[in-house]
Amino acid sequence: MSRSTLHRLLSVLLPLTVATALHAQGSAPPAAPAPDLSDPEVAHVAVTANAIDVDLARFAQARTRHAEVRQFAATMITDHTAVNAQAAALAGRLGVTPADNAVSQSLLAGAADARTGLERLRGAAFDKGYMDREVAYHQAVLDALDGLLIPTSSNADLRKLLVDVRPAFAAHLEHAKQIRNGLGSAR
Amino acid sequence: MITTWLGILLAVGLQGLAPRRHVVEIHGMAFRPAVLTVARGDTVVWINHDIVPHTATAPVPASIRAAAAWDTGQLMQGQNASYVPRYAGEASYICTLHPTMRGKLIIQ
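Only a predicted model underlies this, so the values are computations on that prediction, with no experimental measurement involved.

A. Fine view of the sheet that holds strand 4 (residues 43-48) of chain B. Residues and elements named next belong to chain B. With mixed pairing, the four strands of this open sheet are ordered in space as 2-1-4-7. The two strands at the open ends of the sheet, each matched to only one other strand, are strand 2 (31-32) and strand 7 (80-83). Of the strand pairs in this sheet, strand 1 (residues 21-26) and strand 2 are connected by two bridges, and their pairing is antiparallel. Within strand 2, the position partnered with glutamate 25 by the bridge is arginine 32.

Laid out in structure tokens, this is it:
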């Protein structure tokens, strides 16, 4: 797998946190991948994106008293940590050292805003807010995969990876919807 | 001649009764096959091929013997775990990390 492929592969991870940050700020999900970055910068963004999601799930675990929401957060920690480990291993094999950059800083700022919004919520309102965010987040990722990344991917290894990763996001979305529906409609 | 034929028949008969090994592949966030028919004493092996970890877990309904339930624990990519069913019946199971993943053993 070439560095160019790594660049595109890691770019797939960008919408995860971009979508989350934008959703938290009331904006529409991104319609295209993030701006062009060097491979080390893309690697840093990917690692940051996963770390942000793990951190928010940890916060949710500490805040929620709902067993299903807590279990969902635990699964997000487990799965995103596993994906991050794969991305890190790939970067390591290719000799790429993650480099901090403006996109990573922007994602961190957006995540902080999302965290601030959720920190105001307690009890059932928090559970609904967190699960709303997770539904929108995973839907945005699937839209990006289906509408852009998989159809336009020309590298066989990259395409296979995208196709292999997609069911995990689909399962996360379905799981999130089930939990959210069980929480009721009103905040 | 008769002894030879009896030996063949006996061997075939014993082979039919011998415990078998079944493999359930975990791939693409699904158990494959999702429904598997086995005999008591057979070995069922779950192998996880996904990047994310999974379990194959049958809860313990009050109406079912505890020995009919199992939990593989978390299987990381490339890991496997096995279970030998001892009681006949149908046993539904899930991945506790991803409850939308469902499977069933039909134990004869």
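B. Region of interest: the interface of chain A and chain B. With 17 residues of chain A at the contact, the number on the chain B side is 13 residues. Taken together, the links from chain A to chain B amount to zero salt bridges. The tally of links from chain A across to chain B stands at two residue pairs in polar contact (both at pLDDT 80 or more). Of all the elements in the fold, those that place two or more residues in the side of chain A that touches chain B are helix 4 (67-93) and helix 7 (156-182) of chain A. Top element by residues in the side of chain A that touches chain B is helix 7 of chain A. It accounts for ten residues.

C. Structural view of the pairing of strand 3 (residues 35-38) of chain B. All names here are of chain B. Here strand 3 shows a clear split, with Leu36 and Val38 buried on one side and none of Val35 and Thr37 buried on the other. The pairing of strand 3 with strand 9 (residues 102-107) spans four bridges and is parallel. Bridging across to strand 9, valine 38 finds its partner in isoleucine 107.

D. Expanded view of the nonpolar core. Ranked by internal contacts, the top residues of the largest apolar core, which has 26 residues, are Phe72, Leu118, Phe126, Tyr130 and Met131 of chain A. Secondary-structure elements contributing two or more residues to this core are helix 3 (39-63), helix 4, helix 6 (123-152) and helix 7 of chain A. If you tally residues by element for this core, the top one is helix 6 of chain A, at eight residues. Of all hydrophobic cores here, the second largest spans 24 residues; its members include Val24, Val52, Tyr93 and Ile107 of chain B.

E. Layout of the side chain of asparagine 101 of chain A. Residues and elements named next belong to chain A. You can see asparagine 101 is positioned in the loop between helix 4 and helix 5 (102-119). Since its relative accessible area comes to 8%, asparagine 101 is described here as buried. Within the local environment of asparagine 101, its side chain forms a polar contact with the backbone oxygen of alanine 99, the two atoms lying 3.0 Å apart.

F. Quick look at the environment of glycine 28 of chain B. Structurally, glycine 28 of chain B can be placed in the loop between strand 1 and strand 2. Classification of glycine 28 of chain B by relative accessible area gives buried; the value is 17%. Apart from residues lying up to four places away in sequence, glycine 28 of chain B is in contact with Pro167 of chain A together with Asp50 of chain B.

G. Seen up close, the pattern of salt bridges. All names here are of chain A. All chains considered together, the criterion is met by seven salt bridges over all chains. In this structure, aspartate 53 and arginine 133 form a salt bridge, with 3.0 Å as the shortest nitrogen-oxygen distance. Taken as a pair, aspartate 53 in helix 3 and arginine 133 in helix 6 lie far apart in primary sequence, 80 residues in all. Here the two residues aspartate 53 and arginine 133 agree in accessibility, since each one is buried. Put simply, Asp53, Arg133 and Glu134 are held in one network by salt bridges that share partners.

H. Main features of unusual backbone geometry. Residues and elements named next belong to chain B. Omega for the bond connecting arginine 32 with proline 33 falls within 30 degrees of zero, at 5 degrees, which places this linkage in the cis form. Here proline 33 lies in the loop between strand 2 and strand 3. Phi angles above zero are rare outside glycine, and methionine 29 is one such case at about 60 degrees. The residue methionine 29 is located in the loop between strand 1 and strand 2 in this model. For methionine 29, a relative accessible area of 9% puts it in the buried group.

How each quantity is defined
Residues numbered from 1 in each chain as written. Chains lettered and ligands numbered in written order. Predicted model: local features only at pLDDT ≥ 70, side-chain atom pairs only at ≥ 80, totals over all residues. Heavy atoms only, no water. Pairing = 2+ DSSP bridges. Helix = DSSP H or I, 4+ residues; strand = E, 2+ residues; numbered from the N terminus. Contact = heavy atoms within 4.5 Å. Salt bridge = Lys/Arg side-chain N within 4 Å of Asp/Glu carboxyl O. Polar contact = N/O pair within 3.5 Å; in protein donor to acceptor, adjacent residues only side chain to side chain. Buried < 20%, exposed > 50% of the residue type's maximum accessible area, 1.4 Å probe, protein only. Core = buried A, V, L, I, M, F, W, Y, C linked by side-chain atoms within 4.5 Å.

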